[in-house]
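Coordinates in review
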Amino acid sequence: MGLCKSFVFFLLLYLLQGSNASFVRLNDNGYEDIIIAIDPSVPEDEKIIQEIQEMVTTASTYLFEATEKRFFFKNVSILIPENWKASPQYRKPKHESYTHADVIVAPPTIPGRDDPYTRQFKGCGEKAEYIHFTPDFVLGKKQNEYGPSGKLFVHEWAHLRWGVFDEYNDDQRFYIARSKKIEATRCSTGISGENRVNFCQEGSCVLRRCRIDSTTKLYEKDCQFFPDKDQTEKTSIMFMQSIDSVAEFCDEKNHNHDAPSLQNMKCDHRSTWEVISNSEDFKMATSMEESPPPPVFSLLRSSERIVCLVLDISGSMLNSNRLSRMNQAAKYFLLQIVENGSWVGMVHFNYAATVFSELIQIKSNTERNKLVESLPKQAGGGTSICSGIESAFKVIEKQNPQIDGSEIVLLTDGEDNSAKDCIDTVTQSGAIIHFIALGEAADQAVIQMSNITGGKHLFVSDVAENNGLIDAFGTLTSENANPTQKSLQLESKGSSLTNNTWMNDTVTIDSTVGKDTFFLVTWKEQPPSISLWDPSGAPIHNFILDSNSKMAYVTIPGTAQVGNWAYSLQSNANQEILTITVTSWAANSSVSPITVNAKMNKDANSFPNPMIIYAEVLQGYSPILGATVTAIIESQSGHTEVLKLLDNGAGADSFKNDGVYSRYFTAYTENGRYSLKVRAHGGTNSAKRSLQYPANRAAFIPGWVVNGEVQANPPRPEINEDDQTFLENFSRTALGDAFVMSQVPPGPLPDLYPPSQIIDLYATFDEDKINLTWTAPGDDFDNGTVKEYIIRISGNMLDLRDNFDNALQVDTSNLLPSEANSEETFAFKPGNISEENATYIFIAIQSIDKSNLTSKLSNIAQVALFVPEGDPGPDPGPGNAKSGVNITTLVVSVVASVVLVCLIVGATAYLLKRRSSKRASTTF
């Protein structure tokens, strides 16, 4: 018990790193250890390396000035693919890898769309995943569309590092301003320009004034804001850093609170500078007096993979069937996971270490089977982790004097007080330590080694039916290989059976995979009866039986048939544990397979704080929408919770339809470690590959206003979403990050979880009613049903945000809440009130659960009452760019976070008079 507590509290100090965690750190105002990786699919072009260096150097100066002389880029590693030719100036990487990259240079998400973007799916102020630049963008071929690359890099870096959002919104390009004019969504409003439609047909384009849409009462869908080329406005970088004069972020003094920008929607109407100023980086830095030096670049080229298995054969490995399970998982790794061309060696250790295989380059099944023969057959004795690691170094050095970037896969089930003695040696070696802890014990020193070297550390319980050890080895694919060149897990399932019962199911193989498909069955007591049928119903007979390792397996030759493969396993023991694992490789090296990546929002947490589960379902870089995604969370003792993850843009899910499926997790049962596995399934007519522009992308420059004349760029090619084809059936599984919980009380847990924040409040106007819609939160974040809603209105947005309890309340006595994740609708009459000079009404919602816990305030719906002013004048003719149409109409405008709805004249003035009233419960 004491060992378990030591394990838990140590992990709270040494936080677990996800496989895609960034190594960037701030040191004396400079960002160090930035990794920019060139995708292996990018054709070789040395100019890309030169342009990356110029981009980052320019960006460093721009960043320094934009942050009031606080931050700059100090050193950057550029990771060059192995398939590019070698050069004397290239070094071997150490911990740097593609999966740890902060910036990825890769083909566009959608062919022909070179939008730079940041993969960002967490909340405001939280670090994002990575920046994606295309080769053509880096090479300067897209400067007319996106502006100088150095300035744009700073825009994306703000997304990545500080979790701010764009101050524009392509879905809501315009809004009604307090000036009673339709304005472009931007920050600051000091940026001047013209609103135009660039209508193109058969290669010919015509500019005309924007017309007001009869439904939204805003400018029509194709209207765009063309900024003036020559300006003096300095803000903001998160709107359009490509404007020459722009050199700062919007702050609380010049921030546009009213615009329906993503920054306002996601950051509670705070300016970007307010969010940046609240970051950990900002608290660690002060303004510098002198200008910083230019960045230092390291050119690294990945090389052949070198892996040494270091396997524990101490006496404790005889407990809980551990030796057999280790052999099953290691054999699975050798036969199916490690890539051809890799060099693999093996060391066994107890109180001393023995080399069982020098490095062998894997070229065929011959080398794989030879390594399998070196797996341990017996266990006994003490534990000396350092002896195992040091022997692995010697194995690697015989093949390659430079250990840099070599991987050591260390599996052990216990602690070793002497392991700390080799931390310095490991740190200086340049090797990567992947640590697999089997059972509750995890050596503190080895966790530290794994953290320092950028390796994975995976924790597997002694609950055999969770298939955890096989899953752990399955994650150890190359971190630099293209997804088409590494194994993908289609299924991983285990079951505890009694009285000779059956384990039956199907596995779906889709057309993006199928090469070298591998079925693996394991057992604890006796070999089961195994039946497997391909989609045509033909049986598969040629399973290889390995009684010593208690496993049977078969590889389907060539490319497996697309469809559902049925299996049936019958236990031949009264008490049995059976597992099945199915892996496959991409069917075609030129077609990206569907992949699943799973992670948690934190690595360690304490009760009662919630965790958030994220699962990305992608094909290449394109999101897969409409999949069924479930998360399986298992505690250290084997208790399992299953959650359906959602991509609905509500609760824990920041963006709807971005291919990231999310959910809150609060069902803690104990202190200690929890593991995560995710299953994703797509059915015919349910899942599709998204062709939408990625969220959080750089603003496309439609053109400029030069000397009063609009000069338009060629428009981006549009893709009709209706042309998308639904995907065939597919299935994937993925092991996610482990996390550690502390301070979980015993017994029934108290209700300390409020409803989740409503983030998609939406309004329309119908005759004399305001109709509201939103996604229902739950009693505990996004689970269950809330007790009631409180809806309040005010004439001032910031007053409603900051003094919600004092705002006027709408009568919701007839509003019966629905179950979490359902669509809620509610309509109310604002009253027959008439006052002059009315401008706005703002609406927000809070939810209350059965324990009277209150949610955060929702996004704010804005209601405006006035006549909007369009651009004056007739449609422009030649040389008359500023002419237009004088349009007057009543506003009914709906936006995501700011909603404009036509109301009865004078309502707001009346409300503003009553706002000073202390009767917070006043109803309409």
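The structure this text deals with has already been given above.
Heads up: these notes are all about the structure in this document.

Conventions and cut-offs
- Each residue is numbered by its place in its chain's sequence as written, counting from 1.
- The predicted nature of this model means local features are confined to residues of pLDDT at least 70 and side-chain atom pairs, given and counted, to a pLDDT of 80 or more, with totals for whole chains, interfaces and linings taken over all residues.
- Excluding hydrogens and water, the side-chain figures rest on all heavy atoms present in the structure.
- Runs of H or I in DSSP of at least four residues are treated as helices and runs of E of at least two as strands, each being numbered from the N terminus.
- The buried label goes to any residue with under 20% of its type's maximum accessible area, the exposed label to any with over 50%, and the partly exposed label to all in between, with areas taken from a 1.4 Å probe on protein chains only.
- Working rule for contacts: check all heavy atoms of both residues, and any pair within 4.5 Å makes them a contact.
- Here the Shrake-Rupley method, with its probe set to 1.4 Å, supplies the accessible areas, and only the displayed protein chains count as covering residues.
- Definitions used for this entry: grid spacing 1 Å over protein atoms alone; cavity, a set of points where a 1.4 Å probe fits but cannot get out; pocket, an open set with protein on both sides within 12 Å along at least 5 of 7 lines; lining residue, one with an atom within 4 Å of a point.
- Grid points are joined across faces, edges and corners, and a volume is the space filled by probe spheres set on the points.
- Amino acids outside the nonpolar list (Ala, Val, Leu, Ile, Met, Phe, Trp, Tyr, Cys, Pro) and the charged list (Asp, Glu, Lys, Arg) are all regarded as polar, and Gly is one of them.
- To define a nonpolar core, start from buried Ala, Val, Leu, Ile, Met, Phe, Trp, Tyr and Cys residues and group those joined through side-chain atoms within 4.5 Å.
- A pair of aromatic rings is counted whenever rings of Phe, Tyr or Trp (Trp by its six-membered ring) have centres within 6.5 Å, and the orientation is called stacked for planes under 30 degrees apart, edge-to-face for over 60 and tilted otherwise.
- Charge-over-ring contacts are defined here by two conditions on Lys NZ or Arg CZ: a distance within 6 Å of the ring centre and an angle within 35 degrees of the ring normal.
- Whether two strands pair comes down to DSSP finding at least two bridges between them.
- Here an axis means a line fitted to C-alpha atoms, over the contact stretch when the element is a helix, while the angle between two N-to-C directions is reported on a 0 to 180 degree scale.
- The disulfide criterion used throughout: a pair of cysteine sulfur atoms within 2.5 Å.
- Here roughly perpendicular refers to angles of 65 to 115 degrees, roughly parallel to angles under 35, roughly antiparallel to angles over 145, and oblique to all remaining angles.

Things to note about the overall build of the chain
When helices and strands are counted, the chain shows 17 helices and 48 strands. In the chain, which comprises 924 residues, the proportion classed as buried is 58%. Looking at the chain alone, contacts between residues at least 24 apart form 76% of all its contacts between residues at least 6 apart. Summed over its atoms, the accessible surface of the chain is roughly 36200 Å², and 46% of this surface lies on carbon and sulfur atoms.

Describing empty space enclosed by the protein
By the definition in use, this model includes 5 cavities of 30 Å³ or more. By volume, the largest cavity is sized at about 260 Å³. Taken together, the elements giving at least two residues each to the lining of the largest cavity come down to β13 (223-227) and α6 (237-240). By residue class, the composition of the lining of the largest cavity is 9 nonpolar, 3 polar and 3 charged.

Some points on the nonpolar core
Counting 75 residues, the largest nonpolar core has Y31, F153, W157, W162 and F249 as the members making the most contacts within it. Looking at this core, the element that brings in the most residues is helix α2 (residues 46-66), giving 9 residues. In terms of nonpolar packing, the next biggest core, distinct from the first, is built from 38 residues, A627, V629, L643 and Y668 among them.

Comments concerning the packing of aromatic side chains
Following the criterion strictly, the structure yields 35 aromatic pairs and no others. Between F121 and Y614, the ring centres sit 5.1 Å apart and the planes meet at 50°, which makes this aromatic pair tilted. Separated by 493 residues along the polypeptide, F121 in the loop between β7 (117-119) and β8 (130-133) and Y614 in strand β31 (residues 611-619) bring together distant segments of the chain. The buried category is assigned to F121, whose relative accessible area is 2%. Centroid distance Y168 to F239: 6.3 Å. Interplanar angle 65°. Geometry classified as edge-to-face. Residue Y168 is located in the loop between α5 (149-162) and β9 (174-176), and its partner F239 is located in helix α6; the two are separated by 71 residues in the primary sequence. In this arrangement the basic side chain of K229 is found over the ring face of W704, its NZ or CZ atom lying 4.3 Å from the centre. The side chain of R792 reaches across the aromatic face of F804, ending 5.5 Å from its centre.

A few points about the sheet that holds strand β20 (residues 457-460)
Pairing is mixed across the open sheet formed by 6 strands, whose spatial order is β17-β16-β15-β18-β19-β20. Edge positions in the open sheet fall to β17 (353-361) and β20, since each of these has one partner strand only. Here the strands of the sheet are splayed against their neighbours by 15° on average, with no regard to which way each runs. Pairing geometry for strand β19 (residues 432-438) and β20, over 4 bridges, is parallel. From the neighbouring strand, L438 faces β20, where its bridge partner is V460. Seen against the sheet, helix α10 (residues 322-337) touches β15 (306-312), β16 (343-349), β18 (407-412), β19 and β20 and runs at an angle of roughly 170° to β15.

Points about the environment of S320
Structurally, S320 is set in the loop between β15 and α10. As a C-alpha pair, S320 and D462 span 142 residues in sequence and 6.6 Å in three-dimensional space. For S320, the residues in contact, after removing those within four places along its chain, are R325 and D462.

Let's talk about the state of the cysteines
Within the structure shown, the criterion is met by 5 disulfides. Put simply, C200 and C205 are joined by a disulfide, and their sulfur atoms are 1.9 Å apart. What sets the handedness of the C200 and C205 disulfide is the S-S torsion sign, and at about 110° it is right-handed. Judged by its relative accessible area of 41%, C205 falls in the partly exposed class. Take the cysteines of the chain that form disulfides and number them in order along the sequence; they join up as 1-8, 2-7, 3-4, 5-6, 9-10.

Overview of the packing of α10 against helix α11 (residues 365-372)
Contact pair α10 / α11: the axes reach a minimum separation of 9 Å and the direction vectors enclose 170°. Between α10 and α11, the interaxial angle falls into the category roughly antiparallel. Across the interface between the two elements, K331, L334, L335 and Q336 from α10 touch R368, N369, L371 and V372 from α11.

Thoughts on unusual backbone geometry
For the peptide bond that leads from C187 to S188, omega is 5°, which places it in the cis range. Between T235 and S236 the backbone carries a cis peptide bond, its omega angle lying at 15°. Turning to its location among the elements, S236 is positioned in the loop between β13 and α6. Residue N321 is not a glycine yet carries a positive backbone phi of 60°.

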